[in-house]
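Summary of structural features
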Amino acid sequence: MIPVSLPGGNFYVLMAASLACLSTLLTWLAVLATSRGARGWLAGHRRAGTFLMAFLALIGAIFPFQQFSLWFSAQRAAQADDDRKTVLAQPTQLSGVDMPAGTVLSLATPGELASFERAVFPEAHPAAIQGLAATRLFRYPATSKQPETLSVEIARDQAQEGWLCAHGHRIEFVVQAGHPQFASCHLAIGNTLDQQPVPPGAWLKVDPAARGTPLDKAGSAPRWLLRTEGSGSLTVAQIPLLKVDLQLDGQRRTLGFEGLAARDTVLGEMTYPPGTRVLSANPRLQGAQAGDLLFSPSRGRSARRAGGEDVPAGKSVLQAPDGKVRSVLSNREAGVLDVAEMRIGP
């Protein structure tokens, strides 16, 4: 959502009053030009008529002055933007990207190519960034809290490190040692995970803490953070889930997950309603073993237990993959954040 700053209510009242005064003044002038009686009345009430016309002119001038100010500001901004634009006469490398001749750059500092904020590439010669054919590029300089980043637009769905990225969203790169490294994108139709389709629009991000570190015996590869949205479900641990957060290793094996049950879920003696929070149990949780799951009913819902008491919201069930109930804990004991919803989005 794009934030929009709206003027205060007094602004609209003032503009309406100004427009009304301006319309009244123009109508009066038209009547004076065509009516001898109106001119005679004005001659007989010169002081009052002059004061009234001056008042209408003063208030009525606010509206055209406001419009002129907006136009003048837009012209100045457009001129300043034109002054900061430059076209590359020859291929040039900036921020680790080989930019073709004809690229239009928008510079933060006129004359300094390295300060570019946006690059628009020629349609016939898109720039190659980590194998992607880019049409536009937006640059965000490094700060004390984050490195230099690039946001790239592409004209069609394209693959990046084994994933198919959607062209309707920008693809993010982080510049490391002078070279852009893939950081995140939204996935297009056609991606699979564990032989099942990944819902389109899912957000994929490289785990920055694991970039370039050995994650498994097969060698070095980035870890992935995968987040799904919308109504498409993804099956994890044989449970259809919505709004899934997945941590994957370099071979796309699940390291951990969290999501919401897409429908009634039965595991062993427990039956969980839709919306139940499901996550992989923390190995440090008392009594938990590798592969165990935590189930936390949502507010206002309860999990049914065959031959036992229901488990209400505010409590979590620790279960083994085979359905064995290891324990029933409070959400605080289970380390489950007990809020309506908290998510950090792209």
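A word on the pattern of salt bridges. This structure, assessed with the given rule, holds six salt bridges. Among the ionic pairs, Arg253 bridges to Asp249, the shortest N-O distance being 2.9 Å. We classify Asp249 as buried; its relative accessible area is 6%.

All right, on to the nonpolar core then. With 51 residues, the main nonpolar core has Met99, Leu137, Phe182 and Leu246 as its most contacted residues. Top contributing element to this core by residue count: strand S20 (residues 239-248), with five residues. In this view, Leu246 contacts Leu193, Trp224, Leu225, Leu226, Leu234, Val236, Thr254, Gly256 and Phe257; residues no more than four positions away in its chain are not counted. Grouped together as the second largest cluster of nonpolar side chains are nine residues, Leu279, Leu285, Leu329 and Val336 included.

What follows is about the packing of aromatic side chains. For the structure shown, the criterion picks out seven aromatic pairs. Ring geometry for Phe68 and Trp71: centres 5.9 Å apart, planes at 35 degrees, overall tilted. Remark: Trp71 and Phe68 occur in helix H4 (residues 62-83); sequence separation between them is three residues, near one turn of the helix. In this structure Trp71 comes out as partly exposed when scored by relative accessible area, which is 49%. Put simply, the rings of Trp163, Phe173, Phe182 and Trp224 pair up and form one aromatic cluster.

Looking at chain direction, strand S15 (residues 203-206) and strand S18 (residues 224-227) are connected through four bridges and run antiparallel. Within the sheet, the bridge partner assigned to Trp203 lies in S18 and is Arg227. The pairing of S18 with S20 spans four bridges and is antiparallel. Across the sheet, the residue bridging to Leu226 is Leu246, located in S20.

Rules of the game
- Residues numbered from 1 in each chain as written.
- Predicted model: local features only at pLDDT ≥ 70, side-chain atom pairs only at ≥ 80, totals over all residues.
- Heavy atoms only, no water.
- Salt bridge = Lys/Arg side-chain N within 4 Å of Asp/Glu carboxyl O.
- Buried < 20%, exposed > 50% of the residue type's maximum accessible area, 1.4 Å probe, protein only.
- Core = buried A, V, L, I, M, F, W, Y, C linked by side-chain atoms within 4.5 Å.
- Helix = DSSP H or I, 4+ residues; strand = E, 2+ residues; numbered from the N terminus.
- Contact = heavy atoms within 4.5 Å.
- Phe/Tyr/Trp six-rings, centres within 6.5 Å; stacked < 30°, edge-to-face > 60°.
- Pairing = 2+ DSSP bridges.

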